[in-house]
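# Secondary and tertiary structure notes
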Amino acid sequence: LQAMSDSEQDWLALRPQEPSPSQCCGSGCKPCIYDVYEKELAQWERAKAVQDKSLLMGKREQSNNSELNPDTFTAFSVSSVEQLTEDTYQYKFELPGKSSLRLSLGQHIVLRGVVNGLEVQRAYTPISPRNAEGYFEVLIKCYEAGLMSQYIKTWKRGDVVFWRGPFGGFPYQPNKHGELLMLASGTGLAPMIPILQSITDDEEDETFVTLVGCFPTFDRIYLKPLLQDLAQYWNIRIFYVLSQESSLEKLPQSYQENTYTGRLNEDLMKTIVNSCRRKPFVLICGSSAFNEDMSRYLKAAGIEENSCFVF
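The rules behind the values
Residues numbered from 1 in each chain as written. Predicted model: local features only at pLDDT ≥ 70, side-chain atom pairs only at ≥ 80, totals over all residues. Heavy atoms only, no water. UniProt positions renumbered as here; feature names shortened; annotations may be inferred. Domains from an automatic or database assignment. Contact = heavy atoms within 4.5 Å. Buried area = accessible area lost by both parts, 1.4 Å probe. Salt bridge = Lys/Arg side-chain N within 4 Å of Asp/Glu carboxyl O. Helix = DSSP H or I, 4+ residues; strand = E, 2+ residues; numbered from the N terminus. Polar contact = N/O pair within 3.5 Å; in protein donor to acceptor, adjacent residues only side chain to side chain. Buried < 20%, exposed > 50% of the residue type's maximum accessible area, 1.4 Å probe, protein only.

Per an unreviewed UniProt entry, the protein goes by the name NADH-cytochrome b5 reductase-like and belongs to Copsychus sechellarum. One UniProt comment on the protein, placed under Sequence similarities (unreviewed entry), says "Belongs to the flavoprotein pyridine nucleotide cytochrome reductase family." The protein has a UniProt comment under Catalytic activity (unreviewed entry) that states "2 Fe(III)-[cytochrome b5] + NADH = 2 Fe(II)-[cytochrome b5] + NAD(+) + H(+)".

Now for the domain arrangement of the protein. Per the domain assignment, the segments of the protein are domain 1 (74-167) and domain 2 (179-310). Contacts between domain 1 and domain 2 engage 17 residues on the former and 12 residues on the latter. When domain 1 packs against domain 2, the two sides together hide about 1200 Å² of surface, and 67% of this comes from carbon and sulfur. In terms of surface lost to domain 2, no three residues of domain 1 exceed Leu 105, Ile 127 and Leu 139, which account for 36% of the buried area on that side. Connecting domain 1 to domain 2 are 2 salt bridges. Two residues, Arg 220 and Glu 86, come together in a salt bridge whose shortest N-O distance is 3.7 Å.

Examined against the element boundaries, Thr 207 turns out to sit in the loop between helix H4 (192-201) and strand E9 (208-215). Separated by 3.0 Å, the side chains of Thr 207 and Tyr 172 make a polar contact. Within the local environment of Thr 207, its side chain forms a polar contact with the backbone nitrogen of Asn 175, the two atoms lying 3.3 Å apart. Filtering out sequence-adjacent residues up to four positions away, Thr 207 remains in contact with Tyr 172, Pro 174, Asn 175, His 177, Gly 178, Glu 179, Leu 180, Ile 199 and Asn 235.

What follows concerns unusual backbone geometry. A negative phi angle characterises most non-glycine residues, just as the trans form characterises most peptide bonds. At the junction of Gly 165 and Pro 166, the peptide bond is cis and its omega measures out at 0 degrees in the coordinates. Unlike most non-glycine residues, Leu 223 shows phi in positive territory, near 55 degrees. With respect to the secondary-structure elements, Leu 223 resides in the loop between E9 and helix H5 (224-230). On the accessibility criterion, Leu 223 (11% relative accessible area) is buried.

Encoded structure:
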């Protein structure tokens, strides 16, 4: 058997690597990392067929110009790390000058990490206002055994990490819906924040909002000062559902009247839906189990599927 020629080996070295399942964040991104791979593979095959490597020069794995791009990863540097609860952190990233990410509402971006030589990708939704200049912020919950969490926990100020995007999002239009009912579990709060801020920033937008935040305990509610500020607006109501608190007595007075203990179940859902001032359009974000439960309870409360959007 003749040994593979140098040229063959060169071409094999240039062949794009098929992503491993851990690299797909599972959020239905367009393009997905597999779409990017298919595109690069087709480009490689065309170049190899005519033996012209210059056709591969357009292939940029990552860029350093701090312009977010759905196809390639861009480097951003961590400017601050703030621990919010025992397992949740708020990370701030620098953007050059006064530039902003220019995301539409509720869009997510995909983070790439390498853990023990394995590349992992996960989707997160920035919580900074859409028009924030010179920075963006992301809320991340770290899990004990999470691969990506092991990588994220090592971040400190000045570290460079790679993001691509944006993807998804909720096509929000001011005053299109009489009332938005937001059901968020834990970090599922993230896509709700920019939408809330865009409503409170726009004096012409008279959409009512009822946000229901589900957390285990009072201590583990994220972004309390921000939520308290938002709740001051005439059109915003915020409720908390705390699954592991048994009584409201220890809670600050200002939280007692808008907090429920236990889980957000079918009965509570009916109560909340009935308290809405107009027929609500519902936004849901949490674990897949949470999303399924909410959809079921909403149906029982008379909310049709076409009046719901799941992040």
